[in-house]
Structure formats: structure tokens, C-alpha cells
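Observations on the three-dimensional arrangement
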Amino acid sequence: MKQRLRYKTGIALALAVFVAFGCTGCGQKKEPVTVTIWHVYGGQAESPLNDLITLFNETVGQEQNIQVQVGSVTNTNTIHDNVLSSAFEDPGAAELPDMFVSYPKTVLAMPDETVLVDYRDYFTEEELAEFIPDFLEEGVIGDRLVILPVAKSTEILFVNRTAFDRFAAATGASETDLKTWEGLYRLAETYAEWTGGKTFFVHDYPFNYFQVGVESLGESFFDQNQINFSPVFERVWAPYAEAALQGGVWLQSGYATEPLRTGDAIVSVASSASVLYYSDTVTYADNTTEKVDILSMPCPIFEQGEKLVMQRGAGICTVKSTPEREKACITFLKWLTDAQTNVDFVTKLGYMPVKQESFDTCLPEAIKNLDNPMYVSLYQAFLETQDFYTFYAAPQIDTYLALETKFEESVRHELRVGRNAYLDNPAQSVEELSWQILGTFEANFQQ
């Protein structure tokens, strides 16, 4: 009897121990699946994407046992260099993160782009159909969708409306003239004459002006890996060069925000994301200041040309790892590109959302809640651009960056030389001088 009692007691004790340990195990939560990201949206201390990542981690991430960790917030050039260092396993390079912001040029420069997830493996055709097709297309390398758009930008016309209204009152100029390149450059010539040689217009990216302009008129800008100096190129050249020779176009380096901030120009074409750096205060050379209104308009087009505009803005790549980590990344990216979440994200940065639903429903509502008139104007210009323009993506050619750098340096240099020649002899024909410079530019560029 005592032996049976001891036996039962032993079983009871063993069960108690098992239950105790079992309950302890039940109470322990699994370690979350943690994935890392390198991005460019803001700074380490203040970043709209970091704020959204915190929100994700506290909501969907907590529910699904996922945590997104920010490894780096920097610029696209730094991420480009760091990704390539990691991909090539350079000494001291960090391990590739689970996700990173990328342009196609970064993927094309990687030794093996198959280390990246093909998003078609994780998104259904119905889900992908929700995105703006032009935005998705830019992320296709070979036949794989390896860059997912999360925030896009384009080129926008920014106008110091306060200064423009003074000019218009004196000369009869109209904002309608700014809708075409021909009209804009005519105004640039008029403004230079009216002000005694002051610059009217600055383009952040002359290479884009020529590229999109030629393509919009039905001709290819590229001839394989070189520039196609066609008759259509000459049509794009003529108004730009003639206005520049008369002083109406900014020919210095640097970003367009600066001459608008100092009153050295009153109209610019720049990346829409540069709205972050435009100011509603102009500080003139004599140190006086003026409050101004900054108006945004869709990018000008050529008369009889297609409404074509440059597509800008990077996307996000996901690195192949484990099924759990890849799924965690996709869960986050689907959440970030949700129509409403995406609008909440991009309207803090001056970017465009990436889905049609965002443009149709969420963005118009979001505009009503924007406090800054400059941002209201920008997002209204976005809606018009998305409705009526086609987004152009630059071709994926090896020589693209080299061509862009050489082209922009050369075209500005040759036109500065021509401007000085015109100042020395203002009686000469501007048209003839522009063709002489084009000949020199072509010859030097093709060397």
C-alpha cells in the first residue's frame, strides 16, 4: 500500500513538474522575425518612414511577430556604394540588409541580381495591377520585378508667383505660356530684356530636358550607347540655346532651389521631391527679403509633342534569405504600399503615391488637410500630371551615367562661352550663334 502511494505520489510530482515547465514554455513568446532596411526618406533623427516603421512594429508587426529595424538612413548615392561593397564582399563591408532603396543602376551594377527577390513570387497579378504600370515597369530588370515602387517623384515646374506676377503686369506675360517649352523660352527672352539680362529659368537636369523632349516628339534620344543628334534634337536645342544666349536661362551648376531662393531666377524645373528645399522667402543680394508664393505646375511640353514627363524616385529591393524573413519583408511592403498608408507617407516628403486608388480617392482627400500652400499646389499638379501625362523611364544602358555627366557639363560650358560671345557682340544673330555652338557641342561631345 505504501509502495503504491509512493508510486502515485511520484507520478503526481512528475506531472506537476511537467505542467510547471510546460506552462512556462507556453508563456514564452517566440522571438520576432527581425528584418533590416537601408533607406533615404529623411534623416536618422527625423524620418517619416522611421515613424511609419515604428507604427508598423507596434501594430501589424506585433500581431504577426515581425519587427522592421532601420539600419541606415542616408542618400541614394551612399546606399548605391554600400550595396555594391556588400554585394562584392569588399573587406569591411556590412552584410546586405533584408531591404534597401535602389535605382535600376544599382541592381545592374551588382555582380548577381538573382540574390534579389522577384516580387511576382509574392504579389498576385491582381495586387500588382493596383500599381501605376509605368512605376512597376521601371523595376523590371531582365524579366524579373526586383524593385518595388513605394514613393515616386517626377519633374515639376516651380514658379515664384509673386515675382512672375510683377513681370506679367509689366509685359503681358501669362502663366499659360509656361505650359509649353516654346512659350517658356519666349518668356525667358522677354524677361532677360525686361530686367537687363537677368535669368528667368533654371532646369535642374538639362539632360532630362533634351531626353524627354526628343522622345516626346517621336524620335529616339539614344543611338545604342550614344546620343542621337537628329533633326528632332535640333528642334529641342533651338529655343533652349537662343534663350540661354540672351541671358534668360541659368547655366551654372548646382540645384535650382538656390537661384530661386536668391531671386536670381523665378521659374525652375526640378524633381518634385525638391519641394522640401524650396523656400517661400527670397533673400536678395542686398540682403533684403521678400515673402513669395511658390506655384507648382505640370512640366512643360513641346507644341504638338506627347505629354511625357520623367519618372523619378527609387524603389525597394528585397534580398533573398529565408522564407520567414522574405515573408516578413513582403508583409511590411504590402502594408507600406496600401493606398491610404502610402498617401500618409508620401505627402510628408513631396513624393507621389504608387497606386491608382491612392490618386483617385486618398490623395484628393489628403490635399484638403495639408496646411502648407506650397504642398497643396504640388499635389494638385501631381493629380493633373498623373491624369494627362505618360511617365518616361530612362533606358537601362551601361553608359547612361557617363553620358548624363558629360552632356550636362558640356552643354552648360558651350552655352556659357556662347553667352560671353553674344555679350561681346550683341548685334550678331542669336539664331546663327546657337547653330555654331551646337556644331561645337556635337563635335566635342563625340570625341
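To be clear, the structure that these remarks concern was listed above.
Below or above, wherever it landed, is the structure these notes cover. (Residues numbered from 1 in each chain as written. Predicted model: local features only at pLDDT ≥ 70, side-chain atom pairs only at ≥ 80, totals over all residues. Heavy atoms only, no water.)

**So, the packing of helix H2 (residues 48–58) against helix H13 (residues 323–336)**
As a packed pair, H2 and H13 sit with axes 11 Å apart at the nearest point and diverge in direction by 115°. Crossing handedness for the pair H2 and H13: right-handed. Here Leu-49, Leu-52, Ile-53, Leu-55 and Phe-56 of H2 come into contact with H13, specifically with Thr-331, Phe-332, Trp-335 and Leu-336. Of the residues in the contact of H2 with H13, the class split is eight nonpolar, one polar and no charged. (Axes fitted to C-alpha atoms, helices over the stretch in contact; angles between N-to-C directions. Helix = DSSP H or I, 4+ residues; strand = E, 2+ residues; numbered from the N terminus. Left-handed = near helix turned anticlockwise from the far one by under 90°. Contact = heavy atoms within 4.5 Å. Nonpolar A, V, L, I, M, F, W, Y, C, P; charged D, E, K, R; others polar.)

**Let's talk about helix H18 (residues 430–445)**
The end-to-end C-alpha distance of H18 is 22 Å, a good match for the 22 Å that 16 residues give at a rise of 1.5 Å each. Looking at the buried residues of H18, the elements they touch are strand S10 (226–227), helix H11 (231–245) and helix H17 (400–424). The N-cap residue of H18 is Ser-429: its side-chain oxygen and the backbone nitrogen of Glu-431 are 3.4 Å apart. (Expected span 1.5 Å × (residues − 1). Polar contact = N/O pair within 3.5 Å; in protein donor to acceptor, adjacent residues only side chain to side chain.)

**Brief notes about the pairing of strand S3 (residues 99–102)**
On a regular strand, each side chain points to the face opposite its neighbour's, so the side chains alternate between the two faces of the sheet. In S3, alternate side chains face the same way, and those of Met-99 and Val-101 on one face and Phe-100 and Ser-102 on the other are all buried. Sheet analysis places strand S1 (residues 33–39) next to S3, joined by two bridges and oriented parallel. Each bridged residue has a counterpart across the sheet, and for Ile-37 the counterpart in S3 is Met-99. Examined bridge by bridge, S3 and strand S16 (residues 315–318) share four bridges and lie antiparallel to one another. Its bridge partner lying in S16, Ser-102 is registered against Gly-315. (Buried < 20%, exposed > 50% of the residue type's maximum accessible area, 1.4 Å probe, protein only. Pairing = 2+ DSSP bridges.)

**Description of a negative patch on the surface**
A cluster of acidic side chains, namely Asp-338, Asp-344, Glu-357, Asp-360, Glu-384 and Asp-387, defines a negative patch on the protein surface. Residue assignment for the negative patch shows that the elements contributing at least two residues are helix H15 (356–368) and helix H16 (373–388). Take Asp-387: its relative accessible area is 55%, and that puts it in the exposed class. (Patch = residues over 30% accessible without salt bridge, like charges linked within 9 Å, V, L, I, M, F, W, Y side chains within 5 Å. Areas by Shrake-Rupley, 256 points an atom, 1.4 Å probe, with all protein chains shown as cover. Salt bridge = Lys/Arg side-chain N within 4 Å of Asp/Glu carboxyl O. Lys, Arg positive; Asp, Glu negative; His and termini not counted. Charge placed at Lys NZ, Arg CZ, Asp CG, Glu CD.)

**Remarks on the sheet that holds S16**
Taken in spatial order, the five strands line up as S2-S1-S3-S16-S6 in an open sheet, and their pairing is mixed. With partners counted over all chains shown, the strands left at the sheet margins are strand S2 (66–73) and strand S6 (148–149), one partner each. Packed onto the sheet, helix H4 (residues 76–87) meets S1 and S3 and runs at close to 125° relative to S1. On the sheet, H13 packs against S1, S2, S3, S6 and S16 and is oriented at approximately 55° with respect to S1.

**Some points on the state of the cysteines**
Applying the stated criterion to the full structure yields zero disulfides. Cys-317 takes part in no disulfide bond, and the closest cysteine sulfur to it belongs to Cys-329, at a distance of 11 Å. (Disulfide = S-S within 2.5 Å.)

**Some thoughts on the nonpolar core**
In summary, soluble globular proteins display a tendency toward joint burial of nonpolar side chains. Core analysis: the largest hydrophobic core is formed by 143 residues, its most contacted members being Phe-200, Phe-233 and Phe-332. Element by element, the count of residues in this core is highest for H11, at nine residues. Leave out the neighbours within four places in its chain, and Phe-200 touches Phe-164, Phe-167, Leu-178, Leu-184, Leu-187, Ala-188, Tyr-191, Gly-248, Ala-265, Ile-266 and Val-267. (Core = buried A, V, L, I, M, F, W, Y, C linked by side-chain atoms within 4.5 Å.)

**Remarks on the packing of aromatic side chains**
Evaluation of the coordinates by the stated rule reveals 47 aromatic pairs. Ring geometry for Phe-123 and Phe-131: centres 6.3 Å apart, planes at 75°, overall edge-to-face. Residues Phe-123 and Phe-131 agree in their burial class; the two are buried. With a centroid separation of 6.4 Å and 50° between ring planes, the pair formed by Phe-164 and Phe-200 is classed as tilted. With a gap of 36 residues between them, Phe-164 in helix H8 (residues 161–171) and Phe-200 in the loop between helix H9 (181–195) and strand S8 (201–203) connect regions that are remote in the sequence. Using a relative accessible area of 1% as the deciding quantity, one classes Phe-164 as buried. We classify Phe-200 as buried; its relative accessible area is 0%. The cationic tip of Arg-312 hangs over the ring face of Tyr-205; the distance from NZ or CZ to the ring centre is 4.2 Å. (Phe/Tyr/Trp six-rings, centres within 6.5 Å; stacked < 30°, edge-to-face > 60°. Lys NZ or Arg CZ within 6 Å of the ring centre and 35° of its normal.)

**What about the environment of Leu-433?**
Within the secondary structure, Leu-433 is located in helix H18. Classification of Leu-433 by relative accessible area gives buried; the value is 6%. In this structure the C-alpha to C-alpha distance between Leu-433 and Lys-152, which are 281 residues apart in sequence, comes to 39 Å. Excluding residues that lie within four positions of it along the chain, Leu-433 makes contacts with Leu-245, Gly-418, Tyr-422 and Gln-428.

**Regarding the pattern of salt bridges**
Scanning the model with the defined rule gives 13 salt bridges in all. A salt bridge links Arg-325 to Asp-98; the shortest N-O distance between them is 2.8 Å. Of the two residues, Arg-325 is situated in helix H13 and Asp-98 in the loop between H4 and S3; the sequence distance between them amounts to 227 residues. Judged by its relative accessible area of 29%, Arg-325 is partly exposed. Residues Glu-290 and Arg-166 are paired through a salt bridge, measuring 2.7 Å at the closest nitrogen-oxygen approach. Of this pair, Glu-290 sits in strand S13 (residues 289–291) while Arg-166 is found in helix H8, placing the two residues 124 residues apart along the sequence.

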